[in-house]
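Letter by letter, the chains look like this.
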Amino acid sequence: MSTPTNPVELAEAKQHLGIVHSDRDDAIQIALDAATESFIGVDNYLGIDPTELTDIPAPIRQAILLKTELLFDTDLPDKMAHERSIDNLVDPYRVRRIG
């Protein structure tokens, strides 16, 4: 399974995380790829075409950043609040499947 091209760049994720050094770039990229895959990967419950990732709505981009933070920062104090924020951001974009 290949990870789709990421609509959020590593530099943007680092800025969101408040990280200026490159010591953890690999770990951040892994978290970023996993976050993206969770929204646009196999299940693609948002119905986003993985070949058209240049025009992702701002709430989805923010959800990817929050999910990246959730996966990267194991000491995050309120993980449930992050999860709720992510759900609130992506809920209007969910593709509802019947049957």
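Residues numbered from 1 in each chain as written. Predicted model: local features only at pLDDT ≥ 70, side-chain atom pairs only at ≥ 80, totals over all residues. Heavy atoms only, no water.

*Asks:* What's the story with the overall build of the protein chain in this structure? I'm lost.
*Replies:* When its secondary structure is counted, the protein chain shows four helices and zero strands. Counting from the amino terminus, the protein chain carries its helices and strands in the arrangement α-α-α-α. For the protein chain, buried positions account for 37% of its 99 residues. For the protein chain, contacts bridging at least 24 residues in sequence account for 64% of all contacts bridging at least 6. (Helix = DSSP H or I, 4+ residues; strand = E, 2+ residues; numbered from the N terminus. Buried < 20%, exposed > 50% of the residue type's maximum accessible area, 1.4 Å probe, protein only. Contact = heavy atoms within 4.5 Å.)

*Asks:* Help me understand helix α3 (residues 58-72), please; the structure alone is not making it clear to me.
*Replies:* One turn of the α-helix equals 3.6 residues, which is why residues spaced by three or four share an orientation. Along its 15 residues, α3 runs 21 Å from first to last C-alpha, staying within 8% of the 21 Å computed at 1.5 Å per residue. Burial in α3 covers these residues: Ile60, Ala63, Ile64, Leu65, Leu66, Lys67, Thr68, Glu69, Leu70 and Phe72. Against α1 (10-17), α2 (25-40) and α4 (79-90) lie the buried residues of α3. (Expected span 1.5 Å × (residues − 1).)

*Asks:* Help me understand the pattern of salt bridges in this model?
*Replies:* For side chains bearing opposite charge, pairing can occur when the charged atoms are close. Enumeration according to the criterion identifies four salt bridges in this entry. Put simply, Asp87, Asp91 and Arg94 are held in one network by salt bridges that share partners. (Salt bridge = Lys/Arg side-chain N within 4 Å of Asp/Glu carboxyl O.)

*Asks:* What should I look at first to understand the side chain of Lys67 in this one?
*Replies:* Looking at the secondary structure, you find Lys67 in helix α3. There is no salt bridge for the buried Lys67, and the closest opposite charge comes from Glu83, which lies 4.3 Å off by N-O distance. Residues within four places of Lys67 in sequence aside, it is in contact with Ala35, Ser38, Phe39, Glu83 and Ile86. (Lys, Arg positive; Asp, Glu negative; His and termini not counted.)

In short, geometric facts, not functional conclusions.
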